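# What the coordinates show
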Amino acid sequence: MEISNYIQIKNKLPLDVNLLAVSKGFSSQEIRIINNEGQKDFGESRFQEANQKQLLLKDFKNIKWHFIGRVQSNKIRKIVQNFEYIHSVDSFEKLLKISQVSIEENKNPLIMLQVKLCDDPSKGGFNPKVLIEKWDQIQQFKSIKIKGLMTINPKGLSSKENIKLFKECRKLADSLKLHDCSMGMSGDWEEAVEAGSTWLRLGSIIFGNRSY
Ligand SMILES: *Cc1c(COP(=O)(O)O)cnc(C)c1O
C-alpha cells in the first residue's frame with residue numbers, strides 16, 4: 001500500500017477531478033486505511049469479490065461503491081442493489097435492463113457509458129456512432145442518471161496517442177452535454193487529466209501490484 005502515492009496524487013489533482021480508488025485484489029483492511037485518509041469512492045470490477053468487502057465494511061456509511069468491471073446480464077440486479085455508480089455499461093441492451101431493474105428495485109444508479117474509441121478486441125463499449133444514433137432513446141430510460149462516458153485506452157500507447165483518444169472521449173461527452181469522463185488509470189492518468197477527465201480510476205499506483 002502506497003499511502004504517500006495516494007496523498008501526492010490527491011494533492012496534485014485539480015478540484016474538479018475526482019479520484020476513484022480501485023481496490024480490486026485488495027482487502028477491506030486496505031480500503032479502511034485509505035478511507036481513513038478521507039477517500040470515499042472505491043471501485044471494484046468483480047461482483048463476488050466486491051460484495052464480500054461491502055459486507056465487511058457495511059458500517060462505513062461514507063463509502064461510495066462504483067462498479068467498473070464488465071457488466072454481466074445475470075448480475076445486473078445485484079449490481080444495481082449494491083453500487084451507487086456503474087462506470088462500465090457497454091451496450092444499449094444492458095442499459096435498458098439496468099433501467100428496468102432500477103425501477104423494480106427503486107434505485108437510481110449513476111451511469112457512465114463505456115465507449116470504444118479504437119479497435120481493441122479485449123474491450124467492450126458503445127461505438128460512438130451507435131451511441132449518437134440511440135441517444136434520444138437512451139435519454140428516455142427511467143430511474144437511471146447518465147453522468148458521463150468511460151473509456152479504457154489500449155496498453156502501450158505513447159503519451160500523445162493517449163491524449164488524442166482521451167480528448168475524443170471528452171469531445172463526445174461534451175457533444176452529448178455530459179459532464180463526466182471516467183478515464184485515466186495508473187499508467188496514463190496524467191494524460192487523462194490533461195484531456196479533461198473528471199474521474200481517474202487508480203488501482204496499482206495506490207494499492208501496489210495486484211495478482212490479477
Ligand atoms: C483495474 C482497473 C483499473 C485500475 O487499474 P490500474 O492500472 O491498477 O490503475 C481502472 N479501470 C478499470 C476498468 C479496471 O478494471
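What you see is a predicted model, and the numbers here were worked out from it, not measured in a lab.

### Here we look at the environment of Gly-203
- The topology assignment puts Gly-203 in the loop between strand E8 (199-202) and helix H9 (204-207).
- Relative accessible area serves as the criterion here: at 6%, Gly-203 is assigned to the buried category.
- Residues Gly-203 and Glu-190 lie 13 residues apart in sequence; the distance between their C-alpha atoms is 14 Å.
- What Gly-203 contacts, discounting residues up to four positions off in sequence, is Val-22, Ser-186, Gly-208 and Arg-210.

### Here we look at the pattern of salt bridges
- Following the criterion strictly, the structure yields 7 salt bridges and no others.
- Put simply, Arg-77 and Glu-105 hold a salt bridge, and the shortest N to O gap is 2.7 Å. Here Glu-105 lies in helix H5 (residues 92-105) and Arg-77 lies in helix H4 (residues 76-82), a separation of 28 residues in the sequence.
- On the accessibility criterion, Arg-77 (33% relative accessible area) is partly exposed.
- Judged by relative accessible area, Glu-105 falls into the partly exposed class, the value being 24%.
- Beyond isolated ion pairs, a larger network of salt bridges with shared partners links Glu-44, Glu-49 and Lys-53.

### Thoughts on the layout of surface pockets
- Of the volumes computed, that of the largest pocket is approximately 810 Å³.
- Lining the largest pocket we find 32 residues, and of these Lys-24, Lys-123, Ile-152, Lys-155 and Met-185 sit closest to its centre.
- The class makeup of the residues in the lining of the largest pocket is 9 nonpolar, 13 polar and 10 charged.

### Thoughts on empty space enclosed by the protein
- For the coordinates displayed, the defined rule picks out 1 cavity of 30 Å³ or more.
- Of the volumes computed, that of the largest cavity is approximately 90 Å³.
- Around the largest cavity, the lining comprises 13 residues; the ones closest to its centre are Val-115, Lys-116, Leu-117, Thr-151 and Ile-152.
- Classifying every residue of the lining of the largest cavity gives 6 nonpolar, 4 polar and 3 charged.

### Re the environment of Phe-42
- Structurally, Phe-42 is set in strand E2 (residues 41-44).
- For Phe-42, a relative accessible area of 0% gives the class buried.
- It is 25 Å that separates the C-alpha atoms of Phe-42 and Leu-96, two residues lying 54 residues apart in sequence.
- Contacts of Phe-42, omitting those with residues within four sequence positions, involve Leu-20, Ala-21, Ser-23, Ile-31, Ile-34, Asn-35, Ile-63, Lys-64, Trp-65, His-66 and Phe-207.

### As for the side chain of Ser-88
- Inspection of the secondary structure puts Ser-88 in strand E4 (residues 85-89).
- Relative accessible area serves as the criterion here: at 1%, Ser-88 is assigned to the buried category.
- A polar atom in the side chain of Ser-88 sits 2.6 Å from the backbone oxygen of Gly-69.

Procedures and definitions
Residues numbered from 1 in each chain as written. Predicted model: local features only at pLDDT ≥ 70, side-chain atom pairs only at ≥ 80, totals over all residues. Heavy atoms only, no water. Helix = DSSP H or I, 4+ residues; strand = E, 2+ residues; numbered from the N terminus. Buried < 20%, exposed > 50% of the residue type's maximum accessible area, 1.4 Å probe, protein only. Contact = heavy atoms within 4.5 Å. Salt bridge = Lys/Arg side-chain N within 4 Å of Asp/Glu carboxyl O. 1 Å grid on protein atoms, 1.4 Å probe; cavity = no way out; pocket = protein on both sides within 12 Å on 5 of 7 lines; lining within 4 Å. Points joined across faces, edges and corners; volume = space filled by probe spheres on them. Nonpolar A, V, L, I, M, F, W, Y, C, P; charged D, E, K, R; others polar. Polar contact = N/O pair within 3.5 Å; in protein donor to acceptor, adjacent residues only side chain to side chain.

Keep in mind these numbers describe shape, not what the thing actually does.
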